[in-house]
Amino acid sequence: MAAPSDYALPFRIEGQNVNGRVVKLNALASEVLSRHDYPEAVNRLLGEALVLAAMLGTMLKFDGRFILQLQGSGPISMLMADYTPQEGAGGLRGFAQFDADGLADASRENGDLTSLLGDKGHMAFTVDQGAEMERYQGIVPLEGANLADAALGYFDRSEQIGTAIKLAAAPLLLPGGRTEWRAGGIVVQQMAARGGIVDIETPPERDPDHIDDDWNRLAILLATAEPSELLDADVSGEQLAFRLFHEDGVRVFEPRGLQFACPCTRERVLNMLAGLSDQDQAEMQSQENVEVRCEFCNENYLFEPFEAFAQRH
Ligand SMILES: [Zn+2]
């Protein structure tokens, strides 16, 4: 079987109770981003967010949808990426809301997180296990120069699990002037004995000083991963994990394939409309057509007013 072009590759660093993932979005980054027509700064951040969602979504100990949401007061007001486990390849999708003029100004600056989302932004990780189950949500202030730093802030504050992450997304210029996007990333994370959203095992007793030294060394090794290695389709996840951590012994597992997936349907949109307030419904009924666009995949759903609200009247 040919290796999938879009995947999360789980690996473990032997003898150190450290788990990792390499995520490669070779075709999928373009597939998600080309559904929208976003400026480059938004594509970059959304590309990285897709990688982060795939990383953490495939590390969950629950079988649920993982939603990454950034909220801010800068040119980008909202950005979402989510991962849905499903038969075969897991599903990824995402979208952003932004002010194009403000973004043009912000892009002239350094393009860091604060210039894109303001200095009072938040990041939320949500695990949705379905209507019957409790939702897990963790929210932290959006801090750091980039999305990887912000995610580390989450693990420092909320879970106190040693984590190191590197993310990258960039446009690739092809002959003929076409552009394709690539996105990729790598994470290593200590397994800890306490709770949290990630896969947990109780580590055997080890000398704490030793653990810190070993961990610091792994984090330094991870930092040497080049954006080109994360983005180049010819460098496989396995090659990258071995390049970085071969001295410590790397064991790779079956890659989890990834694909674009948006579960929106006409019926789901109708259900959503039926749940709107009476005032909103009355307003929409007075219009000629009821038009609803799925922000994730940009699919447009068009209804006659009587059809849209038939369930209630
Ligand atoms: Zn959709």
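From a predicted model like this one, the values you see are computed outputs, not experimental measurements.

> I tried to follow the domain arrangement of the protein on my own but got confused; where do I start?
For interface size, the figure often reported is the accessible area lost on association. When the domains of the protein are assigned, the result is domain 1 (6-260) and domain 2 (266-312). Distance from the C-alpha centre of domain 1 to the C-alpha centre of domain 2: 34 Å. Taken residue by residue, the interface counts 5 residues in domain 1 and 4 residues in domain 2. Here the side of domain 1 that touches domain 2 is built from residues that sort into 1 nonpolar, 2 polar and 2 charged.

> Mind showing me how you'd approach the nonpolar core here?
Across soluble globular proteins, nonpolar side chains show a tendency to be buried alongside one another. Formed by 75 residues in total, the largest nonpolar core has its most connected members in Leu46, Ala49, Leu50, Leu52, Ala53 and Ala54. Sorting elements by how many residues they give to this core places helix H2 (residues 40-57) first, with 11 residues.

> Honestly, the environment of Ile13 in this entry has me stumped. Any pointers?
For Ile13, the location among the structural elements is in strand S1 (residues 6-13). Judged by the 23 C-beta atoms lying within 10 Å of it, Ile13 falls in the buried class. Taking the C-alpha atoms as reference points, Ile13 and Ala233, 220 residues apart in sequence, are found 23 Å from one another. If we skip the residues at most four places from it in the chain, Ile13 touches Val18, Gly20, Val188, Leu218, Phe245, Asp248, Gly249 and Val250.

What counts, and where the lines are drawn
Residues numbered from 1 in each chain as written. Predicted model: local features only at pLDDT ≥ 70, side-chain atom pairs only at ≥ 80, totals over all residues. Domains from an automatic or database assignment. Contact = placed C-beta atoms within 7 Å. Nonpolar A, V, L, I, M, F, W, Y, C, P; charged D, E, K, R; others polar. Core = buried A, V, L, I, M, F, W, Y, C linked by C-beta atoms within 7 Å. Buried ≥ 20, exposed ≤ 12 C-beta atoms within 10 Å, placed from the backbone. Helix = DSSP H or I, 4+ residues; strand = E, 2+ residues; numbered from the N terminus.

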